[in-house]
Amino acid sequence: MTSEFMRLALLEADAALGSTSPNPAVGAVVVKDGQVVGRGRTQPPGGPHAEVMALREAGDAARGATVYSTLEPCSHTGRTGPCTEAIIEAGAAEVVFAMHDPDEQVDGRGEARLRQAGLRVTSGDGETEAERLLQGYLKHRRTGMPAVIVKYAASLDGRIASASGDARWVSGPEARAWVHRLRRRVDAIAVGSGTVLADDPELTVRLEEGEPATQPLRIVIDSRGRTPASARVLGVGALVATVADSPLDWRAALASTGAEVLVLPEVDGHVSLEALLRDLGARGVLHLLVEGGGALLGSLFDEKQVDRLYAVIAPLVIGAADAPAAVAGRGAQVMAQAVRLQDLSVERLGPDTLIAGVPVWPDVPDAHST
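This is a predicted model, so every value here is computed, not measured.

K.L.:
Please explain the pairing of strand β13 (residues 287–290) as it appears in this structure.
P.N.:
If a strand is regular, its side chains alternate between the two faces of the sheet. Side chains H287 and L289 of β13 all project onto a buried face; the interleaved residues L288 and V290 project onto the opposite face, where all are buried too. With four bridges joining them, strand β6 (residues 147–154) and β13 adopt parallel strand pairing. Across the sheet, residue V148 finds its bridge partner in β13, namely L288. Across three bridges, strand β7 (residues 188–192) lies against β13 in parallel orientation. Counted as the bridge partner of A188 is L288 from β13.

K.L.:
Would you explain a nonpolar patch on the surface in this entry?
P.N.:
Together, L344, V346 and I355 give the surface a local cluster of nonpolar side chains, amounting to about 280 Å² of exposed area. Of note, L344 is situated in strand β15 (residues 340–349). Classification of L344 as exposed rests on a relative accessible area of 55%.

K.L.:
I tried to follow the nonpolar core on my own but got confused; where do I start?
P.N.:
Here is a general trend for soluble globular proteins: nonpolar side chains tend to be buried in one another's company. Ranked by internal contacts, the top residues of the largest apolar core, which has 38 residues, are M6, V30, V67, Y68, I87 and V95. The set of elements that each furnish at least two residues to this core consists of α1 (4–16), β1 (27–32), α2 (50–58), β3 (66–69), β4 (94–97), α5 (127–133) and α6 (135–143). Element by element, the count of residues in this core is highest for α1, at six residues. Ignoring anything within four residues of it in the chain, the contact list for V95 reads V67, P73, I87, L114, L119, R120, V121 and T122. Counting residues in each nonpolar core, the second largest holds 33 residues, with I219, L239, L262 and V285 among its members.

K.L.:
Just to check I follow, could you spell out the sheet that holds strand β8 (residues 217–221) for this structure?
P.N.:
Two pairing modes exist for strands in a sheet, parallel and antiparallel, and in both the strands are linked by backbone hydrogen bonds. The strand order β10-β9-β8-β7-β13-β6-β14-β16-β15 describes an open sheet built from nine strands, whose pairing is mixed. Each edge of the open sheet is held by one strand with a lone partner, namely β10 (260–263) and β15. Along the sheet, successive strands turn relative to each other by an average axial angle of 20°, direction set aside. Sheet strands touched by helix α10 (residues 273–282): β6, β8, β9 (238–242), β10 and β13. Its angle to β8, the strand with the most contacts, is close to 165°.

K.L.:
Is there a simple way to think about the sheet that holds β4 in this case?
P.N.:
Strand order in the open sheet made by the five strands is β2-β1-β3-β4-β5, with mixed pairing throughout. The open sheet terminates on both sides in strands that have one partner only, identified here as β2 (35–41) and β5 (120–123). Strand-to-strand twist in this sheet, taken as the mean axis angle between neighbours without regard to direction, amounts to 15°. Two elements, β1 and β3, share four bridges in a ladder whose sense is antiparallel. When the sheet's bridge partners are listed, A28 is paired in β3 with S69.

K.L.:
Sorry, what's going on with a negative patch on the surface here?
P.N.:
Taken together, the side chains of D245, E266, D268 and E303 present a region of like negative charge at the surface. Position of E266 among the secondary structure elements: in strand β11 (residues 266–267). Exposure remark for E266: the relative accessible area of 38% places this residue in the partly exposed category.

K.L.:
Explain the packing of helix α3 (residues 83–90) against helix α4 (residues 109–116) to me, please; I cannot follow it from the model alone.
P.N.:
Describing two packed helices takes the angle between their axes plus the distance from one axis to the other. Relative orientation of the contacting elements α3 and α4 amounts to 20°, with a least axis distance of 10 Å. Considered as vectors, α3 and α4 are oriented roughly parallel to each other. In the packing of α3 onto α4, the handedness of the crossing is right-handed. Contact with α3, carried on its side by T84, E85, I87 and I88, involves G110, R113 and L114 of α4 and no other residues of that element.

K.L.:
Whenever I open this one, the pattern of salt bridges confuses me. Can you help?
P.N.:
Any two side chains of opposite charge can pair, so long as their charged atoms come close to each other. Inspection of every chain in the model, using the stated rule, returns 17 salt bridges. Note that E85 is salt-bridged to R113, the shortest N-O span being 2.8 Å. Linking E85 in helix α3 with R113 in helix α4, this pair joins segments that are 28 residues apart in sequence. Measuring nitrogen to oxygen at the nearest pair gives 2.8 Å for the salt bridge that ties K139 to D307.

Reading the values: the criteria
- Residues numbered from 1 in each chain as written.
- Predicted model: local features only at pLDDT ≥ 70, side-chain atom pairs only at ≥ 80, totals over all residues.
- Heavy atoms only, no water.
- Buried < 20%, exposed > 50% of the residue type's maximum accessible area, 1.4 Å probe, protein only.
- Helix = DSSP H or I, 4+ residues; strand = E, 2+ residues; numbered from the N terminus.
- Pairing = 2+ DSSP bridges.
- Patch = residues over 30% accessible without salt bridge, like charges linked within 9 Å, V, L, I, M, F, W, Y side chains within 5 Å.
- Areas by Shrake-Rupley, 256 points an atom, 1.4 Å probe, with all protein chains shown as cover.
- Salt bridge = Lys/Arg side-chain N within 4 Å of Asp/Glu carboxyl O.
- Core = buried A, V, L, I, M, F, W, Y, C linked by side-chain atoms within 4.5 Å.
- Contact = heavy atoms within 4.5 Å.
- Axes fitted to C-alpha atoms, helices over the stretch in contact; angles between N-to-C directions.
- Lys, Arg positive; Asp, Glu negative; His and termini not counted.
- Charge placed at Lys NZ, Arg CZ, Asp CG, Glu CD.
- Parallel < 35°, antiparallel > 145°, perpendicular 65-115°, else oblique.
- Left-handed = near helix turned anticlockwise from the far one by under 90°.

In short, geometric facts, not functional conclusions.
The following block contains the structure:
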């Protein structure tokens, strides 16, 4: 169950996604006599945490109030002071938080400090929703890697382009607007060199006029040096992941645009995806959005590196045998090896249908490894 006030805190956390990494996107509200007197969300790195923002808005009304937070308040000093001390000094009487913080510097210490100071503390309110919002942060703290979110738009027969490679447009304008809202919530966006050659994307966030947007890191995965220096995705804020065998003059040409060229270990002649994810995790990336194409998505599924899938299905049939599929790779040899989704949601985006869920990896031996 999620209380009314925790739902308000979750809305604040949702609005902070994409702007707080490597810190978690947290929301908080302060409630006094059944009324919300303060709201707050985590500010960009170096700025105040959600609880502090909510307490500032509440002012003197925080005394004797209840603080609702989507994550256990921190009890250590980093770039900012401990939220537990801010709550205690404000005179709050109670704290309700959705889930414990797995960070080794917190992990129960925040709750213990609040109880030690005499505050009433309750946890678990809205835990499921908070875990979904904090998916990237939780995975990062547990593995050192970001959550990988895969998105593709495909026809009813699973094609992402025509036989000629034409992909403009598989989905409609409502779905394309939704993609930009999704991009706003992540720290980095990745595509393969095939997508760059086919579509020449910018990989930027473009919202309605007047809406601010933090631009994510733009990533191209290119093992063979195919990305031209004229590609629109390049420039400051772009990263090209490649391998040691890629041409040195090609790397220099890309670096001259302002893009960072990152040389990583290779696996079977391609960039090691695990090495890339670990590098991004070390940079503080919590959510990585991967937009294709089929070869890259297939590799991610083959390596079980997908944490959430968004599939936009357009009501059209392409039908060509040579048209590229949304997901390639080795894939399943028998249906028992197919990846299924849980935590499903279905939504209409104009004429298109958005299906979202969390992959469940089957407990079946991979025929390719036997």
